[in-house]
Amino acid sequence: MVEIIENKDITSFTTFGIPVKARYFAEYSSERELLALSRKEEFLNNEVLHIGGGSNLLFLEDFGGLVLHSAIKGIKEYRKDDETVYAIAGAGEKWTDFVDWCLERNLAGVENLAHIPGEVGASAIQNVGAYGVEAKDVIHVVECFDTQTRKTVRFSNEECRFGYRDSMFKKDDVRGRYYVLRVSFRLRPDGIPMSLDYGPLKSLKERLGKYPTIQEVAREVTNIRKSKLPEPSETGSAGSFFKNPVVPVHFYKKIKNGGFGDVPAYPAGEGVVKLSAAWLIDKAGMKGVRFGGAMVYDRQPLVIVNAGGASGRDVKELSDEIIRRVRTKFYITLKPEVNFIDTGIKITVLGTGGSKGTPELGCECHVCTSDDIRDKRLRSSVLVETAGLRLLIDPSPDFRQQALNLRLADIDAVLVTHSHYDHVGGFDDLRPFCGNENMPIYLRADVNADLHRRLDYCFREHPYPGVPTFKMNVIDNKPFYINGLKIVPVEVMHGKLPIYGYRIGKFAYITDASHISEEEKEKLENLDVLIINSLRDKPHFAHFSFDQAMDMIRDLSPNRAYLTHLCHEAGCHAELESRVPAGVSPAYDGQIILSTR
Ligand SMILES: Cc1cc2nc3c(=O)[nH]c(=O)nc-3n(C[C@H](O)[C@H](O)[C@H](O)COP(=O)(O)OP(=O)(O)OC[C@H]3O[C@@H](n4cnc5c(N)ncnc54)[C@H](O)[C@@H]3O)c2cc1C
């Protein structure tokens, strides 16, 4: 029977070498053991993370759930014809052992992927790639355990929908559902290298004076990698930290003509090119830059290393600094390739004010003239950080100031509650974060229509160069996913207008509500943190008053509740604080609230 170990140190299961513990940990060696595990309380009642060799993971904190690891081993040939040898490998096999197995049998296909850390299971999730070859070029079938049906399923290469360091296993609601048990590969018995088209491999034939064997290619690749990349056994890292950005050709030309004629670029489809993230980081002056124990590797700036005593937060801070500096120099937003792992939610309260903010212009009341910094209320908005994502709820008209206050490095997506100006007035200021990509926006159909009217200049067929670029995702009142993170819209009434609040894990953000139906209230059960609007004492037709907000909090009974969308008539922070019951607080601008997920 598989043992579930409590409070397990899993540092040695990662390549960053940053100390980290899992609340629960289990390693299984067969489907039968995995099936038994999937029925355990620890599996059913916790967030579950399946890891491989931990070479693409950055733990930002100890993992509060169950970490699983596969010890399914074995590599064997199972079918053969003149042109193809089919081999199957257990998910728990080291990738390098699989490559060596192929080289020993003169089976071609994976020689360019020599010396990549990690395990066979993750090669299919990640679609590992190097020197012009990707795992997708050789993967035949991926055999998985489906955690929903508890059955074994097989996916063909096409069904895996592989992309650049991507596969369907990373997509939205599928993320985390399938555990790879085995991967079968299509290899060639002719022993002829798959590709010599990339970088230094191009000259290998000339240097050797003959056509190279796959063993020679693998040796060459290994030597180059050793000279450029840190060895995980000596220096902690997760390999390439950022993806190479794919940008419109006009972006590339602007950089090239702006004094950087040597910018490396590779064709990546119609009208777009792939730029070298390493080159961008280098030119942004980040090589060798250190933050705490984290450092940009001096031999390869695409890699962040643990230079000694780094924490997950050090690495994240440094990664943010890289993103800022590259954007400053090239107006390009780098996106991490590494999987950020956490089990909590960090909420930064960007604004807590009503539609006019506090102080209100021209008002001399005791709240508007208060010296207490907590009485300076910008328009309501929050930034939610979890699962490696930064989500903005409502770009308020004060967004620019809010982002400056925070030295905000990036935003991955924006959720919109409704289209009243105090919740969308900052849309144009999202421009720097759109950069080379369209900013994903999640919103109701009516809000989308409104914004198309009001921001028509952004949606024209030939927009003015430099306008913000958005990808509008119209949602209805059903859960949706961003990079596998489940977001639950909660429909509330703002007077007569239906608008959305959002629930993410055990956190919910409700603003501008005056009524929540019984059905929607069910979505707000078992919350750790609720942020909810409480305009003032005097009733308002479209907002909860203080008493109504208190009733709603009592009804929903979250562990903690915070009041927002407070107008000056709500009173000072200190006054509100003295009136609220235990577990309830007025929120204030800049406040950081932590919630479980
Ligand atoms: C020095 C160095 C160099 C690197 N060079 C390259 C390179 O050239 N090319 C490249 O593509 N990558 C490279 N990487 C990144 C990394 O090696 C790959 O992404 C690798 O595939 C990760 O494998 P892993 O087993 O360590 O997976 P992990 O990092 O443990 O996990 C990666 C993802 O796969 C999931 N996962 C792992 N195993 C399973 C399973 N059995 N079932 C379901 N999900 C699973 C995890 O949940 C996670 O989402 C490098 C890393 C380092 C440290």
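Just so it is clear, the model here is predicted, and its values are computed rather than measured.

Definitions and limits used
Residues numbered from 1 in each chain as written. Predicted model: local features only at pLDDT ≥ 70, side-chain atom pairs only at ≥ 80, totals over all residues. Heavy atoms only, no water. Helix = DSSP H or I, 4+ residues; strand = E, 2+ residues; numbered from the N terminus. Rg over C-alpha atoms; globule rule 2.2 N^0.38 Å. Buried < 20%, exposed > 50% of the residue type's maximum accessible area, 1.4 Å probe, protein only. Contact = heavy atoms within 4.5 Å. Areas by Shrake-Rupley, 256 points an atom, 1.4 Å probe, with all protein chains shown as cover. Arc of directions from axis to C-beta. Domains from an automatic or database assignment. Buried area = accessible area lost by both parts, 1.4 Å probe. Salt bridge = Lys/Arg side-chain N within 4 Å of Asp/Glu carboxyl O. Polar contact = N/O pair within 3.5 Å; in protein donor to acceptor, adjacent residues only side chain to side chain. 1 Å grid on protein atoms, 1.4 Å probe; cavity = no way out; pocket = protein on both sides within 12 Å on 5 of 7 lines; lining within 4 Å. Points joined across faces, edges and corners; volume = space filled by probe spheres on them. Nonpolar A, V, L, I, M, F, W, Y, C, P; charged D, E, K, R; others polar. Pairing = 2+ DSSP bridges. Axes fitted to C-alpha atoms, helices over the stretch in contact; angles between N-to-C directions. Near = heavy atom within 4 Å. Expected span 1.5 Å × (residues − 1).

Focus on the overall build of the chain
When helices and strands are tallied, the chain shows 16 helices and 34 strands. Relative to the 2.2 N^0.38 estimate, which gives 25 Å for 597 residues, the radius of gyration of the chain is 26 Å and therefore close to what a compact globule would have. Referenced to the eigenvectors of the C-alpha coordinate spread, the extents of the chain come out at roughly 85 × 65 × 45 Å. With 597 residues in all, the chain has 55% of them scored as buried. Across the chain, every contact between residues at least 6 apart in sequence was considered, and the portion connecting residues at least 24 apart equals 64%. Per element, the accessible surface of the chain, about 25900 Å² overall, is 48% carbon and sulfur.

Points about helix 13 (residues 445-454)
Residue pairs spaced three or four apart in an α-helix point in one direction, given the helix's 3.6 residues per turn. Residues of helix 13 that are buried: Val 447, Asn 448, Asp 450 and Leu 451. Seen end-on, helix 13 carries its buried residues on one side only, within an arc spanning 165°. Taken together, the buried residues of helix 13 touch helix 11 (421-424), strand 25 (439-443) and strand 26 (470-474).

Looking at the domain arrangement of the chain
Taken domain by domain, the chain comprises domain 1 (5-70), domain 2 (75-225), domain 3 (231-340) and domain 4 (343-596). A separation of 29 Å is found between the C-alpha centroids of domain 1 and domain 3. Each partner contributes to the interface: domain 1 provides 12 residues, whereas domain 3 provides 19 residues. At the boundary of domain 1 with domain 3, total buried surface from both sides reaches about 1200 Å², with 57% on carbon and sulfur atoms. The largest share of the area that domain 1 buries against domain 3 comes from Phe 16, Asn 56 and Leu 60, three residues that together contribute 52% of it. Viewed at the interface, domain 3 and domain 1 are joined by 1 salt bridge. Salt-bridge contacts for Glu 61 lead to Arg 313; the nearest nitrogen and oxygen are separated by 3.7 Å. Inspection of the region where domain 1 meets domain 3 yields 5 residue pairs in polar contact (both at pLDDT 80 or more).

Section: empty space enclosed by the protein
Enumeration according to the criterion identifies 1 cavity of 30 Å³ or more in this entry. Considered class by class, the residues forming the lining of the largest cavity number 6 nonpolar, 1 polar and no charged.

Things to note about the environment of Asp 190
As for its position among the elements, Asp 190 is in the loop between strand 12 (178-187) and helix 5 (204-208). Taking the relative accessible area as the measure of exposure, Asp 190 reaches 41% and is therefore partly exposed. Counting along the chain gives 82 residues from Asp 190 to Ala 108, while the straight-line C-alpha distance between them is 7.0 Å. Within the structure, the side chain of Asp 190 is placed 2.7 Å from the side chain of Arg 188, a separation counted as a polar contact. At 3.0 Å, the side chain of Asp 190 forms a polar contact with the backbone nitrogen of Ile 192.

Brief notes about the sheet that holds strand 1 (residues 5-9)
Spatial strand order, 1-2-5-3: 4 strands in an open sheet with mixed pairing. Each edge of the open sheet is held by one strand with a lone partner, namely strand 1 and strand 3 (48-51). The mean angle between the axes of side-by-side strands here comes to 45°, regardless of whether they run parallel or antiparallel. Taken together, the 4 bridges between strand 1 and strand 2 (residues 21-28) define a ladder with antiparallel strand orientation. Paired with Ile 5 across the two strands is Phe 25, which belongs to strand 2.

Concerning the site of the ligand
Around the ligand, the surrounding shell holds 30 residues, and the nearest of these are His 50, Gly 52, Gly 53, Ser 55 and Asn 56. Pro 117 places a main-chain nitrogen or oxygen 3.0 Å from an oxygen atom of the ligand. Residues of the shell around the ligand, tallied by class, amount to 14 nonpolar, 13 polar and 3 charged.

Notes on the pattern of salt bridges
Using the criterion set out here, one finds 48 salt bridges in the structure. Close ionic contact of Glu 31 with Arg 182 constitutes a salt bridge, the shortest N to O distance being 3.0 Å. Of this pair, Glu 31 sits in helix 1 (residues 31-37) while Arg 182 is found in strand 12, placing the two residues 151 residues apart along the sequence. Note on Glu 31: relative accessible area 24%, which makes it partly exposed. Salt bridges sharing common partners tie together Glu 134, Lys 136, Asp 137, Arg 165 and Glu 337.

Details of the pairing of strand 5 (residues 63-70)
By the criterion of burial, strand 5 is predominantly enclosed, with 7 of the 8 residues buried. Where strand 2 lies against strand 5, 6 bridges are found, and the strand directions are parallel. Its bridge partner being in strand 5, Tyr 28 is matched across the sheet by Ser 70. Two strands pair when backbone bridges link them, and strand 3 and strand 5 are joined in this way by 4 bridges, in the parallel orientation. Residue pairing across strands places His 50 opposite Leu 68, the latter belonging to strand 5.

What to know about unusual backbone geometry
One can expect most non-glycine residues to show negative phi and most peptide bonds to be in trans. Thr 358 connects to Pro 359 through a cis peptide bond whose omega is 0°. Non-glycine residue Tyr 331 carries a positive phi angle of around 60°. As for its placement among the helices and strands, Tyr 331 is situated in the loop between helix 9 (312-330) and strand 20 (339-341). You can call Tyr 331 partly exposed: its relative accessible area is 36%.

Points about helix 9
Its 19 residues give helix 9 an end-to-end C-alpha distance of 27 Å, which sits within 8% of 27 Å, the value for a rise of 1.5 Å per residue. The buried fraction of helix 9 is high, at 14 of 19 residues. Looking one or two residues past helix 9, Tyr 331 carries a phi angle of roughly 60°, positive in sign.

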